[in-house]
Amino acid sequence: MRDGGRISAAIEVLTEVETRHRPVKMALKAWGDASRFAGSKDRAFVSGLVLDTMRRRRSLGWRMGDDSVRAAVLGALAFDWGWALDRIAEACADEPHGPGALTDAEMAALAAPRDLADAPVAIRADIPDWLEADFVRAFADRAAEEGAALSARAPVDLRVNLLKSDPERAAKALAPLKAQAAGVLPTAFRIPAPNPTERAGAVETIPAFSKGWFEVQDLGSQIAAACAGEVRGKQVLDLCAGGGGKTLALAAAMGSTGQIYAYDSDPRRLADTIRRGDRAGVRNLQIRSPVNPDPLKGLEGKMDVVFIDAPCTGTGAWRRHPDTKWRLTPDTLAKRMADQDLVLDLGATFAKPGGRIVYVTCSVLPQEDEDRVDAFLARNTQFTLKPATEDPALARFLTPAGHIRLSPASTDTDGFFVAVLERSKA
Ligand SMILES: C[S@@+](CC[C@H](N)C(=O)[O-])C[C@H]1O[C@@H](n2cnc3c(N)ncnc32)[C@H](O)[C@@H]1O
């Protein structure tokens, strides 16, 4: 495909997403299925342009002085991809597949865009208006900067699985992917975000991946799992195990000692945990599926650690799922907050005296983070707040209140929140 056709395809997909409220993944797949002539480079171009436009949808509209999909796509080419005006004009005017010649207004906007510094915080942060107050509450005068960082492309992070490998051997295996040690944790590696239109190296194609030497896991998620502290020989319940990202990190930290129980209210999600656990060489995992009666029977009051990777709005992962940013509603946020209260109260029943709850969200919204913890502590007086980590390497991420708060702008990770709550010994 020529560039004009690719740009038209991106406009078509985004229009589908915005007018018919289709998830971007589905709209891209539908376009791909209907465009058998499109090669892998075309597909990477179109999906890259669609996602980059979605990431900065509002600020692109502001800079172009035009909120249309077409203007935002043209803005993404100019301001994010660094295309010169001539190149954009030529591609757009390319008959018969280009999206049509640039108008005078488009040329003027591309040549001299409006200054983003004059825009309201929600536009500079590239967030819906209704979330501006929450971002200001979370980040004060850095709200726009944090929102902008959540609108960038994300790197691919990997966790070396110590049950199967070690950082030195994994580094050699990962060399073809240009992965570098990420710092902070010795097991964390990072492949930088690819340039626009470039395809990221496929981690799954490295032979060491099928051998279970490493997992794809954001550094923030790895730090959150590390907040469980010393887990060797312990009884650990991963109450919201989902596809098993944290379960596997916890199991590796346990070094096949003690016992880890993985539960999720959605049994389909646990299927991945079983498969991934096998590949990773995990030997101390018990799946507690809700398809069985009373799946958590026998664990009440016995756990050293109850890990709660709570259902949340996922605002901290907007770099990876930019369409969820525009689909989020106050109603969904309220539902997630109710879910969080529920899983915290449920989790409390499994902590033994002196045991800990590790409460994690991948959201930066205080209503899902500090507020849920405060509400829990008010309801459950036998729990007290502890510093979220005792690891000196992670202490720099602690807030004055003792929580961990991570975000792309401040810690170069996805957005995460961690709080540790300890049950009294009596
Ligand atoms: C953030 S995701 C978990 C991600 C997973 N821990 C990982 O690292 O890959 C939250 C999970 O909570 C589960 N969930 C929601 N409500 C729940 C409940 N009441 N009890 C247990 N799990 C619940 C969801 O099905 C979802 O899989």
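Residues numbered from 1 in each chain as written. Predicted model: local features only at pLDDT ≥ 70, side-chain atom pairs only at ≥ 80, totals over all residues. Heavy atoms only, no water.

- In the nomenclature of an unreviewed UniProt entry, the protein chain is known as RsmB/NOP family class I SAM-dependent RNA methyltransferase of Phenylobacterium conjunctum.
- Taken directly from UniProt, the Sequence similarities (unreviewed entry) text for the protein chain runs: "Belongs to the class I-like SAM-binding methyltransferase superfamily. RsmB/NOP family." (UniProt positions renumbered as here; feature names shortened; annotations may be inferred.)

Digging into the layout of surface pockets
1) Next: Considered as a void within the structure, the second largest pocket measures approximately 710 Å³ in volume.
2) Next: Lining the second largest pocket are 33 residues, and of these Ala 225, Ala 226, Gly 229, Glu 230 and Ala 253 sit closest to its centre.
3) Next: Listing elements by their share of the lining of the second largest pocket, those giving two or more residues are strand S1 (156-160), helix H13 (219-226), helix H14 (245-254) and strand S12 (416-423).
4) Next: The dominant element in the lining of the second largest pocket, judged by the number of residues it contributes, is H14, at four residues. (1 Å grid on protein atoms, 1.4 Å probe; cavity = no way out; pocket = protein on both sides within 12 Å on 5 of 7 lines; lining within 4 Å. Points joined across faces, edges and corners; volume = space filled by probe spheres on them. Helix = DSSP H or I, 4+ residues; strand = E, 2+ residues; numbered from the N terminus.)

Let's talk about the site of the ligand
1) Next: Around the ligand, the surrounding shell holds 17 residues, and the nearest of these are Cys 240, Lys 246, Asp 264, Arg 269 and Asp 309.
2) Next: The protein chains hide 81% of the 600 Å² of surface that the ligand would expose on its own.
3) Next: Its residues placed into classes, the shell around the ligand shows eight nonpolar, four polar and five charged. (Near = heavy atom within 4 Å. Areas by Shrake-Rupley, 256 points an atom, 1.4 Å probe, with all protein chains shown as cover. Nonpolar A, V, L, I, M, F, W, Y, C, P; charged D, E, K, R; others polar.)

Considering the pairing of S1
Consecutive side chains of a regular strand alternate in pointing toward one face of the sheet and then the other.
1) Next: Across the five residues that make up S1, a large majority, four, are buried.
2) Next: Here S1 runs beside strand S3 (residues 188-191); their pairing, made up of four bridges, is antiparallel. Residue Val 156 lies in a different strand from S3, and its bridge partner there is Ile 191.
3) Next: In the sheet, S1 pairs with strand S4 (residues 214-216) via three bridges, with the strands oriented antiparallel. Counted as the bridge partner of Val 160 is Phe 214 from S4. (Buried < 20%, exposed > 50% of the residue type's maximum accessible area, 1.4 Å probe, protein only. Pairing = 2+ DSSP bridges.)

What about helix H1 (residues 3-20)?
1) Next: If you check H1, its first and last C-alpha atoms are 25 Å apart, about what 18 residues at 1.5 Å a residue would give, namely 26 Å.
2) Next: When we look at burial in H1, the residues that qualify are Gly 4, Gly 5, Arg 6, Ile 7, Ser 8, Ala 9, Ala 10, Ile 11, Val 13, Leu 14, Glu 16 and Val 17.
3) Next: Elements that come into contact with the buried residues of H1 comprise helix H2 (24-34), helix H3 (40-55), helix H5 (69-80) and helix H6 (85-93).
4) Next: Two residues or fewer past H1, His 21 is found with a positive phi of approximately 50°. (Expected span 1.5 Å × (residues − 1). Contact = heavy atoms within 4.5 Å.)

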